[in-house]
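# Understanding the architecture of this molecule
The primary structure of each chain is shown beneath.
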Amino acid sequence: MSESANQEQQALAAVRDRIDAIDLEILQLISERARCAQQVAHIKTGSTGGSVQFYRPEREVAVLRRIKDANPGPLDGEEVARLFREIMSACLALERPLNAAFLGPEGTFTQAAAIKHFGHSVVTQAMATIDEIFREVESGACDFGVVPVENSTEGVVSHTLDLFMNSPLMITGEVCLRVHQHLLTKATDPASIRRVYSHQQSLAQCREWLDRHLPTAERLPVGSNAEAARLVASDPEAAAVAGLQAAEIYGLSVLAERIEDEPSNTTRFLVIGKQDSPPSGQDKTSLLLSCKNQAGGLHSLLAPLAVHGISMTRIESRPSRRGIWDYVFFVDIMGHRQEPKVAYALQNLEQDALLFKVLGSYPVAVL
Ligand SMILES: O=C(O)C(=O)C[C@]1(C(=O)O)C=C[C@@H](O)C=C1
């Protein structure tokens, strides 16, 4: 071995010894943290007679925000938050494993959103429809559900909004996921692809790409992207538009990467449960409203928001299903319903609204 190769070996060994020592320290500290979580569980179980809330969304975002703020680098803030997301997920599972229903089958973006929000220790349970997710959480069979609500390219998932009209469930959290779509197939030659399966929204997100590259292939909407990947696994003349996770699960190769028309394509998901979240300091509130069908009705209904300086981040209208041309509005505002100015505004709003329902206050997504 040359002198310089020898020096390199010694330098490498020294840094690796340091890394080994640090890893043991990290392990000791993580174990100590996990024991603290066990103590927290003990305190929580002792303090209430009724059902115990082990999962505390407002505390989780406080931990992640603190870590991001304190991060000295060189790791990126998002990266350190993701690491702590996983540590907390494992600590919570030690208190009590949490389960979350998602729109299956395995490998959907909804499952990825559930894991992004709760970490890998959550037990995800695949449901066939969004209705089933609501039912599983309502019945108590699952602690939480994760449902898609809007996409930056294709707009609102109207079925999810409609289900809130008759559900007692509340919104506990939100998750935003950058969605990259890929063309997955068993075929090796694009010319042999006659059918493209995917969820209707995903087909729409890749419309221009499909028009350009597979203009003659039939587009077949199915329940989810993962379902499309499952179908394609046994059909060599077909391709699926789906995420990488689906390619891994169903053994497909990626024929074209990132085929979404909009590079910043993002889907927002809601976490639904039996109750919303206490204030975290940076929250949103979602409302379901309707007003009299008259000139200026919506304008005057929303006036209290402007009066109290509350910013509205989203408004969607949906047919109320109670009469023709009768609409309800899904409105997101910044702030928690327990903050005084939000509480005043909501009080005023409720007085004028025909229908007024708070769907939940929840922390703005950290990750
Ligand atoms: O602080 C709590 O209430 C905990 O249960 C501890 C902890 C954590 O690991 O930091 C775990 C789960 C909760 O969702 C929030 C935080």
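About the cut-offs
Residues numbered from 1 in each chain as written. Predicted model: local features only at pLDDT ≥ 70, side-chain atom pairs only at ≥ 80, totals over all residues. Heavy atoms only, no water. Axes fitted to C-alpha atoms, helices over the stretch in contact; angles between N-to-C directions. Helix = DSSP H or I, 4+ residues; strand = E, 2+ residues; numbered from the N terminus. Left-handed = near helix turned anticlockwise from the far one by under 90°. Contact = heavy atoms within 4.5 Å. Nonpolar A, V, L, I, M, F, W, Y, C, P; charged D, E, K, R; others polar. Buried < 20%, exposed > 50% of the residue type's maximum accessible area, 1.4 Å probe, protein only. 1 Å grid on protein atoms, 1.4 Å probe; cavity = no way out; pocket = protein on both sides within 12 Å on 5 of 7 lines; lining within 4 Å. Points joined across faces, edges and corners; volume = space filled by probe spheres on them. Domains from an automatic or database assignment.

To characterise two packed helices, one gives the angle between the axes of the helices and the distance between these axes. With their axes 10 Å apart at the nearest point, helix α5 (residues 130-139) and helix α6 (residues 158-165) run at an angle of 35 degrees to one another. The crossing of α5 and α6 is right-handed. Contact residues: α5 offers I130, D131 and F134, while α6 offers H159, T160, L163 and F164. Per-class residue counts for the contact of α5 with α6 are four nonpolar, two polar and one charged.

Of all eight residues making up α6, six are buried, and the element is well covered by its neighbours. Every buried residue belonging to α6 is among T160, L161, D162, L163, F164 and M165, and all of these are buried.

Below, the discussion takes up empty space enclosed by the protein. Enumeration according to the criterion identifies three cavities of 30 Å³ or more in this entry. For the largest cavity, the lining is made up of 17 residues, of which V61, H117, E174, A365 and V366 are closest to its centre. Among the elements of the structure, α2 (57-70), α4 (109-118) and β5 (170-178) are those that each provide at least two residues to the lining of the largest cavity. Here the lining of the largest cavity gathers at least three residues from each of two domains, domain 1 (3-94) and domain 2 (98-179 + 266-271). Quantified by volume, the second largest cavity comes out at close to 50 Å³. Taken together, S89, L92, A93, R96, P97, L98, F118, S121 and V122 make up the full set of residues lining the second largest cavity. When residues of the lining of the second largest cavity are assigned to their parent elements, the largest contribution, three residues, is made by helix α3 (residues 77-95). Grouping the amino acids of the lining of the second largest cavity by side-chain chemistry returns six nonpolar, two polar and one charged. Counting contributing residues, the lining of the second largest cavity receives three or more from each of domain 1 (3-94) and domain 2 (98-179 + 266-271).

As far as domains go, the protein chain holds domain 1 (3-94), domain 2 (98-179 + 266-271), domain 3 (182-256) and domain 4 (279-363). The distance between the C-alpha centroids of domain 1 and domain 3 comes to 39 Å.

Right, let's talk about the layout of surface pockets for a bit. Gaps left between atoms show up when a probe the size of a water molecule is rolled over them. In this structure, the largest pocket spans a volume of roughly 590 Å³. Lining the largest pocket are 21 residues; nearest its centre among them are F109, A112, L177, R178 and Q245. Those elements that place two or more of their residues in the lining of the largest pocket are α3, α4, β5 and α10 (244-250). Looking at the lining of the largest pocket, the element that brings in the most residues is α4, giving four residues. Residues that form the lining of the largest pocket fall into these classes: eight nonpolar, seven polar and six charged.

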